[in-house]
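# Remarks on the overall topology
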Amino acid sequence: MTGPRASTPVTVCRLRPDDPDAVTLRAAMTGELRQRYADRPHDPIHLPPARVFAPGSVAWTGVAYTADATPVGHAALRWHGCDLELKRMYVVPAHRGRGVAELLLDAAREAAGQLGVGRIILQTGDRQPDAVRRYERAGYRPIAVFPPYDALPYSRCFALVIRPGTRGKAPVPA
């Protein structure tokens, strides 16, 4: 896949959740979010990685790479009942605004479609308006806050309904 605004081609590769590039990108995301939410009494975004990436819980992990094999983005889908939950969506700051996030969201949608899943859900925080705009542009619609995030007043949850038989390419309103 090549990003529409990328200055260099970017490809999304499916990897194991414990791949070193995936782990490094998730750690970078955690650091950035800890700064953004530093004044909150507890971490509003993260479940422990051992819980999120427990054996059998992850359906798909994608890492975006530049042409020179630099990892620049991450997204994962984990099972949440019959749905898939988008987790740890992240693009390194130097590559934001180049279409990497859109490539990751498209790859996640395609993976969900191939798995026959009808909906992707996600949670983000109130201090991530850029993420909210990105998800809404990609067809995600607001939904009620779902567990375990329902105890956090600053959670924002979204869903993307995937039309059956489209391999994840055509979202419909949630």
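### Quick look at the overall build of the protein chain
Looking only at helices and strands, the protein chain has four helices and eight strands in total. Traced from its N-terminal end to its C-terminal end, the protein chain shows the element sequence β-α-α-β-β-β-α-β-α-β-β-β. Classification of the 174 residues of the protein chain by burial places 49% in the buried group. Here the contacts in the protein chain between residues at least 6 apart in sequence split such that 62% fall between residues at least 24 apart. For the protein chain, the accessible area works out to roughly 8300 Å², and carbon and sulfur atoms hold 56% of it.

### Side note on the pattern of salt bridges
Applying the stated criterion to the full structure yields 10 salt bridges. Across the pair Arg-137 and Glu-102 runs a salt bridge, and its minimum N-O distance is 3.9 Å. Note that Arg-137 is positioned in helix 4 (residues 129-137) and Glu-102 in helix 3 (residues 100-114), a separation of 35 residues in sequence. On the accessibility criterion, Glu-102 (24% relative accessible area) is partly exposed. A network of salt bridges, in which partner residues are shared, links Glu-32, Arg-36, Arg-96 and Asp-130.

### Some details on the nonpolar core
Within the largest apolar cluster, 41 residues are counted, with the highest numbers of intra-cluster contacts made by Trp-60, Leu-77, Leu-86, Met-89, Leu-104, Tyr-135 and Tyr-140. At nine residues, the largest contribution of residues to this core is made by helix 3. Apart from residues lying up to four places away in sequence, Leu-86 is in contact with Ala-75, Ala-76, Leu-77, Leu-105, Ala-108, Ile-120, Ile-121, Leu-122, Tyr-135 and Tyr-140. With five residues, the next largest nonpolar core counts Phe-146, Tyr-149, Cys-157 and Ala-159 among its residues.

### Structural notes on the packing of aromatic side chains
For the structure on display, the rule yields two aromatic pairs. Aromatic pair Phe-146 and Tyr-149: ring centres 5.4 Å apart, planes at 85°, arrangement edge-to-face. Comparing Phe-146 with Tyr-149 shows no difference in burial state: the two are buried.

### Some remarks on the confidence of the model for the protein chain
Per-residue pLDDT for the protein chain has a mean of 86; in total, 84% of the residues score no lower than 70. Confidence, read as mean pLDDT per element, is least for strand 8 (residues 171-172) in the protein chain (46) and greatest for strand 6 (residues 141-143) (98). Predicted confidence is poor over residues 167-174, with pLDDT under 50, and the contacts of this stretch with residues over four places away or in other chains come to 25 contacts.

### Re the side chain of Thr-61
The residue Thr-61 is located in strand 2 (residues 58-66) in this model. When its relative accessible area of 1% is taken as the criterion, Thr-61 is described as buried. Residue contacts for Thr-61: discarding those within four places in its chain leaves Cys-13, Arg-14, Leu-15, Arg-16, Pro-17, Ala-22, His-74, Ala-75 and Ala-76.

### Notes on the environment of Glu-85
Structurally, Glu-85 is set in strand 4 (residues 83-91). Remark: the alpha-carbon pair of Glu-85 and Arg-119, spanning 34 residues in sequence, is separated by 8.6 Å. Apart from residues no more than four positions distant in its own chain, Glu-85 is found in contact with Ala-76, Leu-77, Arg-78, His-80, Ile-121, Leu-122, Phe-146 and Tyr-149. Among the polar contacts listed, one links the side chain of Glu-85 to the side chain of Tyr-149, at a separation of 2.7 Å.

### Here's the deal with helix 1 (residues 20-36)
Since the α-helix advances by 3.6 residues per turn, residues separated by three or four positions end up pointing in the same direction. Here helix 1 contains 17 residues, and its C-alpha end-to-end distance of 25 Å stays within 8% of the 24 Å for a straight helix at 1.5 Å per residue. Those residues of helix 1 lying buried are Ala-22, Leu-25, Arg-26, Met-29, Thr-30 and Leu-33. Viewed along the axis of helix 1, the buried residues span an arc of 145°, placing them on a single side of the element. Residues of helix 1 that are exposed and point more than 90 degrees away from the buried face comprise Pro-20, Thr-24 and Gln-35. Against the buried residues of helix 1 lie strand 2, strand 3 (71-80) and strand 4. In this structure Asp-19 caps helix 1, since a side-chain oxygen of it lies 2.8 Å from the backbone nitrogen of Asp-21.

Definitions and limits used
The residue numbering used here restarts from 1 in each chain and proceeds along that chain's sequence as written. Where local features are concerned, this predicted model is filtered to residues with pLDDT of at least 70; where side-chain atom pairs are given and counted, the filter is 80 or more; whole-chain, interface and lining totals use all residues. Remark: hydrogens and water are excluded; side-chain values derive from all non-hydrogen atoms of the structure. Strands are runs of DSSP state E lasting at least 2 residues, helices are runs of H or I lasting at least 4, and numbering of each runs from the N terminus. Categorising residues by exposure relies on relative accessible area from a 1.4 Å probe, with only protein chains included: less than 20% of the type maximum marks a residue as buried, more than 50% marks it as exposed, and the intermediate range marks it as partly exposed. Residue contacts follow a heavy-atom distance rule, with two residues in contact if any of their heavy atoms lie within 4.5 Å. Per-residue and other accessible areas were derived by the Shrake-Rupley procedure at a 1.4 Å probe size, with only the shown protein chains allowed to occlude residues. Any Lys or Arg side-chain nitrogen located within 4 Å of an Asp or Glu carboxyl oxygen qualifies as a salt bridge. We define the nonpolar core as a collection of buried residues of types Ala, Val, Leu, Ile, Met, Phe, Trp, Tyr and Cys that are connected through side-chain atoms lying within 4.5 Å of one another. Here a Phe, Tyr or Trp ring, Trp counted by its six-membered ring, pairs with any other such ring whose centre lies within 6.5 Å, and the pair is stacked when the planes are under 30 degrees apart, edge-to-face when over 60, and tilted otherwise. By definition, pLDDT measures how confident the predictor is in each residue, and it falls between 0 and 100. Within 3.5 Å is the distance limit for a polar contact, defined as a pair of N or O atoms, with the added protein rule that one can donate a hydrogen and the other accept it, and that residues adjacent in sequence qualify only through two side-chain atoms. In this analysis, the expected span of each helix is defined as 1.5 Å times one less than the number of residues it contains. Comment: arc refers to directions from the helix axis out to C-beta atoms.

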